[in-house]
Amino acid sequence: MTDVPERMPLTRDFFDRPVQDVAPDLLGRTLVRNTPDGRIELRLTEVEAYDGETDPGSHAYRGRTARNAAMFGPPGHAYVYFIYGMWFSLNLVCCPEGQASGVLLRAGEILTGRQLASGRRPKARNSNELAKGPARLATALDIDRTLDGTDLCTGGSAPLSVLHGRPAASDQVRNGPRTGVGGDGADHPWRYWISGDPTVSPYRRHTPRRRATSAT
């Protein structure tokens, strides 16, 4: 069998599969972000799977809304959401159109465009922290809601695409509960990461946000 070149973009068929198959298979792939200021490439090291209307942890659990509409669209597109009034997060849509699911990109190693990423993440203490966590990843790559619904499979100068890269060896892939997910979806072991990689973010259990109380 002929080896697949590392620089070949992933096709839509790659994403048109169950999200629990796509998520671990994304580890080691190369995410490409073309910005007006230049190109940034990132090796994916940590992701989380969200299985739509069957998954209490998913934004699509209660059905389609204006916010999550991209999750119900064709596979191989971006779903970008805004959280806590501060941060964006990037997800890759999977499964056939109408069956909402997606993979949250949690962390990665900046391969190309490190200076651009550092300019957007000036508080990062070192290169391993540039995209260590979903909000940091989105900030480093200049991701916002204008990219929601972007087709990842057109290649070339598209704003976002995913290259074949070097998939992680199966014996290096680990999985466990998703970070910060509460309720019935808290214990789903759908967070996947490359073992021992320094860019992987620390696991944190969900902690309910306390309501402010008046002073007495």
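On a predicted model such as this, the values are computed, not experimentally measured, just so you know.

Reading the values: rules and limits
- Residues numbered from 1 in each chain as written.
- Predicted model: local features only at pLDDT ≥ 70, side-chain atom pairs only at ≥ 80, totals over all residues.
- Heavy atoms only, no water.
- Core = buried A, V, L, I, M, F, W, Y, C linked by side-chain atoms within 4.5 Å.
- Buried < 20%, exposed > 50% of the residue type's maximum accessible area, 1.4 Å probe, protein only.
- Helix = DSSP H or I, 4+ residues; strand = E, 2+ residues; numbered from the N terminus.
- Contact = heavy atoms within 4.5 Å.
- 1 Å grid on protein atoms, 1.4 Å probe; cavity = no way out; pocket = protein on both sides within 12 Å on 5 of 7 lines; lining within 4 Å.
- Points joined across faces, edges and corners; volume = space filled by probe spheres on them.
- Nonpolar A, V, L, I, M, F, W, Y, C, P; charged D, E, K, R; others polar.
- Salt bridge = Lys/Arg side-chain N within 4 Å of Asp/Glu carboxyl O.

1. Points about the nonpolar core
Here is step 1 of the chain: Phe-15, Leu-26, Leu-90, Val-103, Leu-105 and Leu-141 are the most contacted members of the largest nonpolar core, which has 40 residues in total.
Here is step 2 of the chain: The biggest single contributor to this core is strand β2 (residues 38–50), with 5 residues.
Here is step 3 of the chain: The contact partners of Val-103, leaving out residues within four places of it in the chain, are Val-19, Val-22, Ala-23, Leu-26, Val-47, Glu-48, Leu-90, Asn-91, Leu-92 and Cys-94.
Here is step 4 of the chain: Of all hydrophobic cores here, the second largest spans 11 residues; its members include Tyr-50, Ala-60, Met-71 and Phe-72.

2. Re the layout of surface pockets
Here is step 1 of the chain: Each pocket or cavity is described by its volume, and for the largest pocket that value is around 1000 Å³.
Here is step 2 of the chain: Forming the walls of the largest pocket are 34 residues, and the residues nearest its centre are Ile-83, Tyr-84, Arg-106, Thr-179 and Gly-180.
Here is step 3 of the chain: Of all the secondary-structure elements, those providing two or more residues to the lining of the largest pocket are β2, β3 (78–83), β4 (87–93), β5 (102–112) and α4 (134–140).
Here is step 4 of the chain: With 4 residues, β4 is the largest single contributor of residues to the lining of the largest pocket.
Here is step 5 of the chain: Taken together, the residues that form the lining of the largest pocket break down as 14 nonpolar, 13 polar and 7 charged.

3. Focus: the pattern of salt bridges
Here is step 1 of the chain: A full pass over the atoms with the stated rule returns 16 salt bridges.
Here is step 2 of the chain: Linking Arg-33 and Asp-142 is a salt bridge whose minimum nitrogen-to-oxygen distance equals 3.8 Å. Placement of the pair is Arg-33 in strand β1 (residues 30–35) and Asp-142 in the loop between α4 and β6 (160–163), with a sequence separation of 109 residues.
Here is step 3 of the chain: Classification of Arg-33 as buried rests on a relative accessible area of 6%.
Here is step 4 of the chain: Taking the relative accessible area as the measure of exposure, Asp-142 reaches 24% and is therefore partly exposed.
Here is step 5 of the chain: In this structure, Arg-125 and Glu-129 form a salt bridge, with 2.5 Å as the shortest nitrogen-oxygen distance.
Here is step 6 of the chain: Looking at Arg-125, the relative accessible area reads 71%, which means it is exposed.
Here is step 7 of the chain: Members of the salt-bridge network, linked through shared partners, are Glu-46, Glu-48, Arg-106 and Arg-191.

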